[in-house]
Amino acid sequence: SSGINAEYGGWNHPGFGYSTGIPFGYADANAIEAVYEYATKELGFAPKDITLYGWSIGGYSASYLANSHPEIGNVIIDASFDDIIPLAIPRMPDFLQSVTENCCRKYFNLNNAALLPKYQGPIRLIRRNGDEIISTNGRASGNRGNQLLVAVLQSRYPALFKDPEVEDTVSDWLDQTSPVPRRLSVPGYDMEFCKEQLRNSVGPPDDTLGQGVNRDEKLILAYYLFSKHLTDCEGGHNNPLSRKYFKMPWKKSDDISS
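As a starting point, this report considers the structure included with it. (Residues numbered from 1 in each chain as written. Predicted model: local features only at pLDDT ≥ 70, side-chain atom pairs only at ≥ 80, totals over all residues. Heavy atoms only, no water.)

**With respect to the pairing of strand E3 (residues 123-128)**
In regular strands, side chains alternate between the two faces of the sheet.
Inference 1: With 6 of 6 residues buried, E3 is to be regarded as a mostly interior element.
Inference 2: Judged from the 4 bridges that link them, strand E2 (residues 74-78) and E3 form a sheet pairing that is parallel. Paired with Val 75 across the bridge in E3 is Ile 123.
Inference 3: Direction of pairing for E3 relative to strand E4 (residues 230-233): parallel, over a ladder of 4 bridges. Across the sheet, the residue bridging to Ile 126 is Thr 231, located in E4. (Buried < 20%, exposed > 50% of the residue type's maximum accessible area, 1.4 Å probe, protein only. Helix = DSSP H or I, 4+ residues; strand = E, 2+ residues; numbered from the N terminus. Pairing = 2+ DSSP bridges.)

Listed below in structure tokens is the structure:
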């Protein structure tokens, strides 16, 4: 079972496959808006019942639409990145760096980290630990999805995830590919403490979550939220995703009511 009982609809980016048009950022934004309008006005789907799934470059389409329509129910981002420029520059000659930056910003401005964090609904980020496309060093530590996750968490819980010690710890967690060493790095992990903190939280976003607690409690809370937003899986960028990873994003209400 995939864990999701739903109707599915897919589409091709402009200029991809048999789709007409040109593969520029603005064309992609216009196209996904048209898909959304068709789904809501012609097919009658309520925005709250829509879950966006964006793989690879499709992470931009999902991020753009979630930012434009915050009433959308859920967002799942799979094997995507924070910004296209850090991936484009290493693939071009050094003397073309400024040209690459300017062209990307003008024609291919796929800056997910400027869009997705503005959406405050449920998000799940899927990171493929063997991803050879969106990693700058071929390892999980260089996966540009890491920066997207950090941007999302810092937008939602800035007092917690912009704390320098928490930032350093999150960076260490992102270097790892298994939850076991991450969990072992958080002594005294207490899920009930986390749930109680969330019951008193107004968000997301919540500018105060993480204030008034000690260092260990901050790390406990940070690990809890980190693990709720990120799913690690094995495999490369283009490997079919196992059905077990198709799960709806976590909602705060899933835990605070239990």
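**Things to note about the packing of helix H9 (residues 191-199) against helix H10 (residues 215-229)**
Inference 1: Look at H9 against H10: their axes get within 10 Å of each other, and the N-to-C directions meet at 80°. If you check the angle between H9 and H10, you find them roughly perpendicular. Counted together, Met 191, Phe 193, Cys 194, Lys 195, Gln 197 and Leu 198 of H9 and Glu 217, Ile 220, Leu 221, Tyr 224 and Leu 225 of H10 form the full contact between these two elements.
Inference 2: The residue makeup of the contact of H9 with H10, split by class, is 8 nonpolar, 1 polar and 2 charged. (Axes fitted to C-alpha atoms, helices over the stretch in contact; angles between N-to-C directions. Parallel < 35°, antiparallel > 145°, perpendicular 65-115°, else oblique. Contact = heavy atoms within 4.5 Å. Nonpolar A, V, L, I, M, F, W, Y, C, P; charged D, E, K, R; others polar.)

**Digging into a negative patch on the surface**
Inference 1: The grouping of Glu 167, Asp 168, Asp 172 and Asp 175 at the surface amounts to a negative patch.
Inference 2: Relative to the helices and strands, Asp 168 resides in helix H7 (residues 164-175).
Inference 3: Note on Asp 168: relative accessible area 52%, which makes it exposed. (Patch = residues over 30% accessible without salt bridge, like charges linked within 9 Å, V, L, I, M, F, W, Y side chains within 5 Å. Areas by Shrake-Rupley, 256 points an atom, 1.4 Å probe, with all protein chains shown as cover. Salt bridge = Lys/Arg side-chain N within 4 Å of Asp/Glu carboxyl O. Lys, Arg positive; Asp, Glu negative; His and termini not counted. Charge placed at Lys NZ, Arg CZ, Asp CG, Glu CD.)

**What about the environment of Lys 48?**
Inference 1: Tracing the sequence through the fold places Lys 48 in the loop between helix H1 (25-42) and strand E1 (51-55).
Inference 2: Judged by relative accessible area, Lys 48 falls into the exposed class, the value being 59%.
Inference 3: Through-space distance from the C-alpha of Lys 48 to that of Ile 220 is 31 Å; in sequence the pair is 172 residues apart.
Inference 4: Apart from the residues lying within four places of it in its own chain, the contact partners of Lys 48 are Glu 71 and Gly 73.
Inference 5: A distance of 3.3 Å separates a polar atom in the side chain of Lys 48 from a polar atom in the side chain of Asp 49. (Polar contact = N/O pair within 3.5 Å; in protein donor to acceptor, adjacent residues only side chain to side chain.)

Function cannot be read off these values alone, since they describe shape.
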